[in-house]
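# Descriptive structure summary
One-letter residues, chain by chain:
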Amino acid sequence: MAKSKVYFTDFHTIAFGDSLPTKLKKLIKKAGIGDIDMNGKFVAIKMHFGELGNISYLRPNYAKAVADVVKELGGKPFLTDCNTMYPGSRKNALEHLECAWENGFTPLTVGCPVIIGDGLKGTDDIEVPVVGGEYVKSAKIGRAVMDADVFISLTHFKGHEMTGFGGAIKNIGMGCGSRAGKTEQHCSGKPHIDESLCRGCTRCQRECANGGLVFDKEARKMHVNQENCVGCGRCLGACNFDAISFDNNNANELLNCRMAEYTKAVVDGRPNFHISLIVDVSPNCDCHGENDVPILPNIGMFASFDPLALDQACVDACMKASPMPGSQLDRHMSEPHFHDHHDPFRNSTPESEWRSCLEHAEKIGLGSREYELIDCRQGH
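Per chain, residue numbering runs from 1 following the sequence as it is written. A pLDDT threshold of at least 70 governs which residues receive local features in this predicted model, and a stricter bar of 80 or more applies before side-chain atom pairs are shown or counted, although totals over entire chains, interfaces and linings include all residues. Neither water nor hydrogens contribute to the side-chain values; these are computed over all heavy atoms in the structure.

Before going further, it helps to examine the overall build of the protein chain. Secondary structure elements follow DSSP: runs of H or I no shorter than four residues count as helices, runs of E no shorter than two count as strands, and numbering proceeds from the N terminus. Counting its regular elements, the protein chain contains 13 helices and 16 strands. Across its three principal axes, the protein chain shows a C-alpha extent of roughly 65 × 45 × 40 Å. Residues classed as buried in the protein chain amount to 57% of the 380 residues present. For the protein chain, the proportion of contacts with a sequence separation of at least 24, taken over those separated by at least 6, is 76%. When a residue's accessible area, from a 1.4 Å probe over protein chains only, is under 20% of the maximum for its type it is buried; when over 50% it is exposed; and in between it is partly exposed. Here, two residues are considered to be in contact whenever any of their heavy atoms come within 4.5 Å of each other.

A ring pair, where both rings are aromatic, is described by two values, the distance of the centres and the angle of the planes. To pair, rings of Phe, Tyr and Trp, with the six-membered ring standing in for Trp, must have centres within 6.5 Å; the planes then decide the type, stacked if under 30 degrees apart, edge-to-face if over 60, and tilted in the middle. What the rule picks out here adds up to eight aromatic pairs. With a centroid separation of 5.2 Å and 55° between ring planes, the pair formed by Phe49 and Phe105 is classed as tilted. Placement of Phe49 in the loop between strand 2 (42-46) and helix 2 (60-72) and of Phe105 in the loop between helix 3 (93-102) and helix 4 (107-110) is noted, with a sequence separation of 56 residues between them. There is no split in this pair, since Phe49 and Phe105 are both buried.

Here, a salt bridge means any Lys or Arg side-chain nitrogen found within 4 Å of an Asp or Glu carboxyl oxygen. As enumerated under the stated definition, the model contains 17 salt bridges in all. In this structure, Asp10 engages Lys23 in a salt bridge whose closest nitrogen and oxygen atoms are separated by 2.9 Å. Of the two residues, Asp10 is situated in the loop between strand 1 (4-9) and helix 1 (20-30) and Lys23 in helix 1; the sequence distance between them amounts to 13 residues. Residue Asp10 shares its accessibility class with Lys23, and that shared class is buried. A salt bridge links Lys363 to Glu134; the nearest nitrogen and oxygen atoms lie 2.9 Å apart. Of the two residues, Lys363 sits in helix 13 (residues 355-363) while Glu134 sits in the loop between strand 5 (125-129) and strand 6 (138-142), which places them 229 residues apart along the sequence.

By themselves, these observations are geometric and do not establish any function.
Below, the structure is given as C-alpha coordinates:
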(Lines give C-alpha, C1' and ligand atoms only; values in the text may rest on other atoms or scores of the structure.)
Protein backbone atom coordinates (compact mmCIF):
# COMPACT_ATOMS: atom_id res chain seq x y z
CA MET A 1 0.00 0.00 0.00
CA ALA A 2 1.31 3.46 -0.91
CA LYS A 3 2.25 5.91 1.81
CA SER A 4 -0.64 8.08 2.98
CA LYS A 5 -0.19 11.82 3.31
CA VAL A 6 -0.52 13.40 6.74
CA TYR A 7 -0.42 17.19 7.02
CA PHE A 8 0.91 18.95 10.10
CA THR A 9 1.16 22.39 11.67
CA ASP A 10 1.97 23.52 15.20
CA PHE A 11 0.17 25.74 17.72
CA HIS A 12 2.50 28.73 17.42
CA THR A 13 0.97 32.06 16.47
CA ILE A 14 2.44 35.53 16.08
CA ALA A 15 0.99 38.90 17.03
CA PHE A 16 -1.53 40.02 14.40
CA GLY A 17 -1.05 36.71 12.59
CA ASP A 18 -3.39 33.77 12.10
CA SER A 19 -5.52 32.57 15.00
CA LEU A 20 -5.47 28.85 15.79
CA PRO A 21 -8.91 28.25 14.20
CA THR A 22 -7.64 30.00 11.06
CA LYS A 23 -4.52 27.80 11.08
CA LEU A 24 -6.77 24.76 11.31
CA LYS A 25 -8.82 25.96 8.33
CA LYS A 26 -5.67 26.45 6.28
CA LEU A 27 -4.34 23.04 7.29
CA ILE A 28 -7.42 21.06 6.25
CA LYS A 29 -7.66 22.97 2.98
CA LYS A 30 -4.00 22.22 2.30
CA ALA A 31 -4.68 18.57 3.13
CA GLY A 32 -7.29 18.44 0.36
CA ILE A 33 -10.65 18.56 2.11
CA GLY A 34 -11.87 20.64 -0.85
CA ASP A 35 -11.49 17.61 -3.11
CA ILE A 36 -14.58 16.10 -1.49
CA ASP A 37 -17.86 16.93 -3.23
CA MET A 38 -19.93 18.37 -0.40
CA ASN A 39 -22.33 20.48 -2.40
CA GLY A 40 -25.79 19.97 -0.88
CA LYS A 41 -24.53 16.94 1.09
CA PHE A 42 -25.11 16.14 4.78
CA VAL A 43 -21.72 16.17 6.51
CA ALA A 44 -21.25 14.52 9.92
CA ILE A 45 -18.45 15.98 12.03
CA LYS A 46 -17.77 13.39 14.74
CA MET A 47 -16.23 14.74 17.92
CA HIS A 48 -16.38 14.42 21.71
CA PHE A 49 -18.28 17.12 23.61
CA GLY A 50 -16.53 16.31 26.89
CA GLU A 51 -18.03 15.03 30.12
CA LEU A 52 -19.26 17.69 32.55
CA GLY A 53 -16.37 18.62 34.83
CA ASN A 54 -13.76 17.75 32.20
CA ILE A 55 -12.21 20.75 30.44
CA SER A 56 -9.52 19.12 28.29
CA TYR A 57 -11.86 18.39 25.35
CA LEU A 58 -11.41 20.38 22.14
CA ARG A 59 -12.76 23.92 22.29
CA PRO A 60 -15.87 24.66 20.21
CA ASN A 61 -13.78 27.15 18.20
CA TYR A 62 -12.06 24.26 16.42
CA ALA A 63 -15.39 22.64 15.58
CA LYS A 64 -16.63 25.93 14.13
CA ALA A 65 -13.52 26.21 11.96
CA VAL A 66 -14.25 22.80 10.40
CA ALA A 67 -17.98 23.52 10.03
CA ASP A 68 -17.19 26.86 8.35
CA VAL A 69 -14.99 25.15 5.76
CA VAL A 70 -17.69 22.54 5.09
CA LYS A 71 -20.22 25.33 4.52
CA GLU A 72 -17.80 27.14 2.20
CA LEU A 73 -17.74 23.92 0.15
CA GLY A 74 -21.53 23.83 -0.02
CA GLY A 75 -22.02 21.13 2.61
CA LYS A 76 -24.62 20.90 5.37
CA PRO A 77 -22.56 20.12 8.49
CA PHE A 78 -23.70 18.88 11.88
CA LEU A 79 -21.69 17.91 14.96
CA THR A 80 -22.44 14.47 16.32
CA ASP A 81 -21.55 11.87 18.93
CA CYS A 82 -23.35 8.82 20.30
CA ASN A 83 -24.58 8.14 23.82
CA THR A 84 -22.44 6.47 26.46
CA MET A 85 -22.92 3.07 28.11
CA TYR A 86 -21.92 4.34 31.57
CA PRO A 87 -23.50 6.84 33.96
CA GLY A 88 -22.62 10.46 33.47
CA SER A 89 -23.91 13.47 31.61
CA ARG A 90 -24.10 11.88 28.12
CA LYS A 91 -26.09 8.65 28.61
CA ASN A 92 -29.20 9.84 26.73
CA ALA A 93 -29.77 12.46 24.06
CA LEU A 94 -31.40 15.04 26.35
CA GLU A 95 -28.59 15.01 28.91
CA HIS A 96 -26.01 14.66 26.14
CA LEU A 97 -27.25 17.81 24.41
CA GLU A 98 -27.39 19.73 27.68
CA CYS A 99 -23.81 18.63 28.38
CA ALA A 100 -22.72 19.77 24.91
CA TRP A 101 -24.43 23.13 25.38
CA GLU A 102 -22.91 23.63 28.82
CA ASN A 103 -19.48 22.83 27.41
CA GLY A 104 -19.98 25.45 24.71
CA PHE A 105 -21.26 23.48 21.72
CA THR A 106 -24.39 25.26 20.51
CA PRO A 107 -25.56 26.10 16.98
CA LEU A 108 -24.59 29.71 17.70
CA THR A 109 -21.01 28.91 18.78
CA VAL A 110 -20.21 26.20 16.23
CA GLY A 111 -22.29 27.43 13.30
CA CYS A 112 -24.23 24.22 12.73
CA PRO A 113 -26.69 21.86 14.49
CA VAL A 114 -25.67 19.35 17.15
CA ILE A 115 -27.29 15.92 16.70
CA ILE A 116 -26.89 12.87 18.95
CA GLY A 117 -26.16 10.06 16.53
CA ASP A 118 -28.01 7.14 18.15
CA GLY A 119 -31.17 8.88 19.30
CA LEU A 120 -32.91 9.52 22.59
CA LYS A 121 -31.90 6.35 24.45
CA GLY A 122 -28.97 5.15 22.37
CA THR A 123 -31.12 2.59 20.55
CA ASP A 124 -31.47 4.30 17.16
CA ASP A 125 -28.76 2.41 15.33
CA ILE A 126 -28.22 0.56 12.09
CA GLU A 127 -26.25 -2.63 11.49
CA VAL A 128 -23.41 -2.00 9.05
CA PRO A 129 -21.42 -4.88 7.50
CA VAL A 130 -17.70 -4.95 8.29
CA VAL A 131 -15.87 -6.02 5.14
CA GLY A 132 -13.07 -8.34 6.20
CA GLY A 133 -14.09 -8.21 9.85
CA GLU A 134 -12.68 -11.00 12.03
CA TYR A 135 -14.43 -10.13 15.30
CA VAL A 136 -17.42 -8.10 14.11
CA LYS A 137 -19.52 -9.07 11.10
CA SER A 138 -21.94 -6.16 11.40
CA ALA A 139 -21.35 -3.07 13.54
CA LYS A 140 -24.12 -1.26 15.39
CA ILE A 141 -23.62 2.40 14.39
CA GLY A 142 -25.71 5.45 15.28
CA ARG A 143 -28.24 6.02 12.50
CA ALA A 144 -27.57 9.75 12.05
CA VAL A 145 -23.86 9.00 11.57
CA MET A 146 -24.62 6.55 8.76
CA ASP A 147 -27.28 8.78 7.19
CA ALA A 148 -24.62 11.43 6.45
CA ASP A 149 -23.22 11.58 2.92
CA VAL A 150 -19.75 12.66 4.09
CA PHE A 151 -17.97 11.75 7.33
CA ILE A 152 -15.36 13.89 9.10
CA SER A 153 -13.69 13.07 12.41
CA LEU A 154 -12.34 15.82 14.65
CA THR A 155 -10.32 14.20 17.42
CA HIS A 156 -8.70 15.30 20.66
CA PHE A 157 -5.59 13.09 20.79
CA LYS A 158 -4.96 12.15 24.43
CA GLY A 159 -4.19 9.25 26.74
CA HIS A 160 -6.60 6.45 27.59
CA GLU A 161 -6.62 4.01 30.48
CA MET A 162 -7.34 0.96 28.29
CA THR A 163 -6.44 1.71 24.68
CA GLY A 164 -3.26 3.66 25.49
CA PHE A 165 -4.36 6.71 23.57
CA GLY A 166 -7.61 8.03 22.20
CA GLY A 167 -7.05 8.95 18.56
CA ALA A 168 -9.04 8.98 15.34
CA ILE A 169 -9.83 5.26 15.39
CA LYS A 170 -11.18 5.38 18.92
CA ASN A 171 -13.14 8.57 18.22
CA ILE A 172 -14.75 6.90 15.22
CA GLY A 173 -15.04 3.23 16.18
CA MET A 174 -16.06 3.54 19.80
CA GLY A 175 -17.64 6.97 19.47
CA CYS A 176 -19.96 6.08 16.58
CA GLY A 177 -21.11 2.84 18.14
CA SER A 178 -24.57 2.92 19.68
CA ARG A 179 -24.93 1.82 23.29
CA ALA A 180 -25.26 -1.77 22.05
CA GLY A 181 -22.26 -1.26 19.79
CA LYS A 182 -20.12 0.02 22.63
CA THR A 183 -21.13 -2.97 24.75
CA GLU A 184 -20.17 -5.34 21.93
CA GLN A 185 -16.73 -3.77 21.61
CA HIS A 186 -16.07 -4.11 25.36
CA CYS A 187 -17.39 -7.64 25.74
CA SER A 188 -14.09 -9.53 26.15
CA GLY A 189 -12.91 -8.20 29.48
CA LYS A 190 -14.27 -8.57 33.00
CA PRO A 191 -12.45 -6.95 35.93
CA HIS A 192 -11.04 -8.53 39.06
CA ILE A 193 -10.60 -6.71 42.37
CA ASP A 194 -7.62 -7.37 44.63
CA GLU A 195 -9.15 -7.02 48.09
CA SER A 196 -5.78 -6.36 49.69
CA LEU A 197 -5.50 -3.17 47.64
CA CYS A 198 -9.17 -2.09 47.78
CA ARG A 199 -9.68 0.86 50.15
CA GLY A 200 -13.47 0.68 50.13
CA CYS A 201 -13.80 4.21 48.75
CA THR A 202 -16.63 3.11 46.34
CA ARG A 203 -15.44 5.54 43.68
CA CYS A 204 -15.43 2.73 41.11
CA GLN A 205 -19.06 1.86 41.87
CA ARG A 206 -20.19 5.36 40.94
CA GLU A 207 -18.86 4.71 37.42
CA CYS A 208 -20.84 1.49 36.89
CA ALA A 209 -24.19 1.72 35.11
CA ASN A 210 -24.96 -1.98 35.02
CA GLY A 211 -24.87 -3.28 38.60
CA GLY A 212 -21.50 -4.86 37.90
CA LEU A 213 -20.00 -3.83 41.24
CA VAL A 214 -21.30 -4.81 44.69
CA PHE A 215 -19.95 -3.28 47.89
CA ASP A 216 -19.58 -5.43 51.00
CA LYS A 217 -20.30 -2.87 53.74
CA GLU A 218 -19.15 -5.14 56.55
CA ALA A 219 -15.77 -5.98 54.97
CA ARG A 220 -15.48 -2.53 53.31
CA LYS A 221 -14.47 -4.22 50.07
CA MET A 222 -15.81 -4.08 46.50
CA HIS A 223 -16.70 -7.19 44.51
CA VAL A 224 -17.53 -7.80 40.83
CA ASN A 225 -20.90 -9.21 39.78
CA GLN A 226 -19.73 -11.11 36.70
CA GLU A 227 -23.27 -11.58 35.36
CA ASN A 228 -24.03 -7.85 35.25
CA CYS A 229 -20.57 -6.57 34.29
CA VAL A 230 -20.25 -5.56 30.62
CA GLY A 231 -16.47 -5.01 30.69
CA CYS A 232 -16.51 -1.29 29.88
CA GLY A 233 -13.43 -0.60 32.01
CA ARG A 234 -14.76 2.53 33.68
CA CYS A 235 -13.97 1.09 37.11
CA LEU A 236 -10.37 0.50 36.03
CA GLY A 237 -9.90 4.18 35.32
CA ALA A 238 -11.69 5.22 38.52
CA CYS A 239 -9.48 3.26 40.95
CA ASN A 240 -6.54 5.25 42.30
CA PHE A 241 -5.11 2.27 44.18
CA ASP A 242 -4.47 -0.24 41.34
CA ALA A 243 -6.93 -2.65 42.93
CA ILE A 244 -8.76 -3.43 39.68
CA SER A 245 -7.39 -5.39 36.73
CA PHE A 246 -8.85 -7.44 33.88
CA ASP A 247 -9.10 -11.22 34.17
CA ASN A 248 -8.55 -11.57 30.42
CA ASN A 249 -5.04 -10.43 29.54
CA ASN A 250 -6.13 -10.06 25.91
CA ALA A 251 -9.12 -7.85 26.73
CA ASN A 252 -7.47 -4.62 25.58
CA GLU A 253 -6.19 -6.20 22.38
CA LEU A 254 -9.64 -7.58 21.53
CA LEU A 255 -11.22 -4.22 22.31
CA ASN A 256 -8.72 -2.55 19.98
CA CYS A 257 -9.46 -5.00 17.17
CA ARG A 258 -13.21 -4.53 17.43
CA MET A 259 -12.73 -0.76 17.57
CA ALA A 260 -10.75 -0.85 14.33
CA GLU A 261 -13.47 -2.93 12.68
CA TYR A 262 -16.18 -0.53 13.84
CA THR A 263 -14.15 2.31 12.34
CA LYS A 264 -14.00 0.50 9.02
CA ALA A 265 -17.77 0.09 9.07
CA VAL A 266 -18.23 3.85 9.56
CA VAL A 267 -15.88 5.06 6.79
CA ASP A 268 -16.24 2.39 4.12
CA GLY A 269 -17.98 3.42 0.94
CA ARG A 270 -18.29 7.17 1.40
CA PRO A 271 -16.02 10.24 1.39
CA ASN A 272 -14.24 10.73 4.71
CA PHE A 273 -11.60 13.05 6.18
CA HIS A 274 -9.86 13.12 9.55
CA ILE A 275 -8.33 15.70 11.87
CA SER A 276 -6.48 15.19 15.17
CA LEU A 277 -5.18 17.82 17.57
CA ILE A 278 -2.48 16.87 20.06
CA VAL A 279 -3.31 19.42 22.74
CA ASP A 280 -4.06 19.18 26.47
CA VAL A 281 -2.92 15.54 26.42
CA SER A 282 -4.72 14.29 29.52
CA PRO A 283 -3.76 10.83 30.83
CA ASN A 284 -7.35 9.57 30.55
CA CYS A 285 -10.29 9.87 28.19
CA ASP A 286 -12.49 12.98 27.94
CA CYS A 287 -15.30 10.70 29.17
CA HIS A 288 -13.98 11.27 32.69
CA GLY A 289 -15.73 13.93 34.74
CA GLU A 290 -12.32 15.42 35.46
CA ASN A 291 -8.99 15.83 33.74
CA ASP A 292 -5.45 15.86 35.04
CA VAL A 293 -2.21 17.68 34.27
CA PRO A 294 -1.28 16.98 30.61
CA ILE A 295 1.30 14.21 30.30
CA LEU A 296 2.84 15.66 27.11
CA PRO A 297 3.24 19.16 25.65
CA ASN A 298 0.95 20.58 22.96
CA ILE A 299 2.41 19.29 19.70
CA GLY A 300 0.18 20.33 16.82
CA MET A 301 -2.66 19.75 14.39
CA PHE A 302 -2.70 16.82 11.95
CA ALA A 303 -5.02 16.03 9.02
CA SER A 304 -5.35 13.17 6.55
CA PHE A 305 -7.76 11.16 4.43
CA ASP A 306 -6.38 8.06 6.19
CA PRO A 307 -7.41 7.64 9.87
CA LEU A 308 -4.81 4.92 10.47
CA ALA A 309 -1.92 6.96 9.08
CA LEU A 310 -3.19 9.88 11.14
CA ASP A 311 -3.08 7.87 14.38
CA GLN A 312 0.37 6.53 13.51
CA ALA A 313 1.73 10.01 12.79
CA CYS A 314 0.27 11.37 16.03
CA VAL A 315 1.63 8.58 18.21
CA ASP A 316 5.04 8.89 16.53
CA ALA A 317 5.08 12.61 17.36
CA CYS A 318 4.19 11.81 20.98
CA MET A 319 7.02 9.26 21.19
CA LYS A 320 9.49 12.06 20.53
CA ALA A 321 8.04 14.40 23.16
CA SER A 322 9.30 14.85 26.72
CA PRO A 323 7.02 14.21 29.72
CA MET A 324 5.39 17.24 31.30
CA PRO A 325 6.86 17.92 34.76
CA GLY A 326 4.50 16.99 37.58
CA SER A 327 2.23 14.89 35.37
CA GLN A 328 1.08 11.32 35.97
CA LEU A 329 3.63 10.21 33.36
CA ASP A 330 6.46 12.13 35.03
CA ARG A 331 5.45 10.79 38.45
CA HIS A 332 5.39 7.17 37.28
CA MET A 333 8.79 7.53 35.61
CA SER A 334 10.23 8.77 38.92
CA GLU A 335 9.08 5.75 40.93
CA PRO A 336 11.84 3.49 42.36
CA HIS A 337 10.86 0.33 40.47
CA PHE A 338 9.79 2.03 37.24
CA HIS A 339 9.96 -0.16 34.12
CA ASP A 340 10.50 1.92 31.00
CA HIS A 341 8.31 0.80 28.10
CA HIS A 342 9.82 3.55 25.89
CA ASP A 343 6.23 4.61 25.28
CA PRO A 344 4.68 7.63 27.06
CA PHE A 345 1.20 6.12 27.04
CA ARG A 346 2.21 2.78 28.56
CA ASN A 347 4.55 4.56 30.96
CA SER A 348 1.59 6.67 32.06
CA THR A 349 -0.83 3.71 32.27
CA PRO A 350 1.10 0.40 32.17
CA GLU A 351 -2.03 -1.77 31.81
CA SER A 352 -3.00 0.00 28.58
CA GLU A 353 -2.13 -1.19 25.07
CA TRP A 354 -2.47 0.46 21.64
CA ARG A 355 -0.26 -1.29 19.09
CA SER A 356 -2.76 -4.09 18.40
CA CYS A 357 -5.28 -1.49 17.24
CA LEU A 358 -3.03 -0.07 14.54
CA GLU A 359 -1.77 -3.51 13.50
CA HIS A 360 -5.29 -4.88 13.10
CA ALA A 361 -6.51 -1.73 11.34
CA GLU A 362 -3.82 -2.20 8.73
CA LYS A 363 -4.58 -5.92 8.43
CA ILE A 364 -8.26 -5.31 7.59
CA GLY A 365 -7.46 -2.56 5.09
CA LEU A 366 -8.56 0.50 7.05
CA GLY A 367 -5.49 2.40 5.86
CA SER A 368 -1.71 2.43 5.93
CA ARG A 369 0.75 2.84 8.79
CA GLU A 370 3.27 4.13 6.26
CA TYR A 371 2.86 7.86 5.78
CA GLU A 372 4.49 10.97 4.40
CA LEU A 373 4.40 13.85 6.88
CA ILE A 374 3.89 17.17 5.12
CA ASP A 375 4.95 20.09 7.32
CA CYS A 376 2.73 23.10 6.68
CA ARG A 377 4.46 25.48 9.11
CA GLN A 378 5.82 28.70 7.70
CA GLY A 379 9.31 28.21 6.39
CA HIS A 380 8.83 24.48 5.79
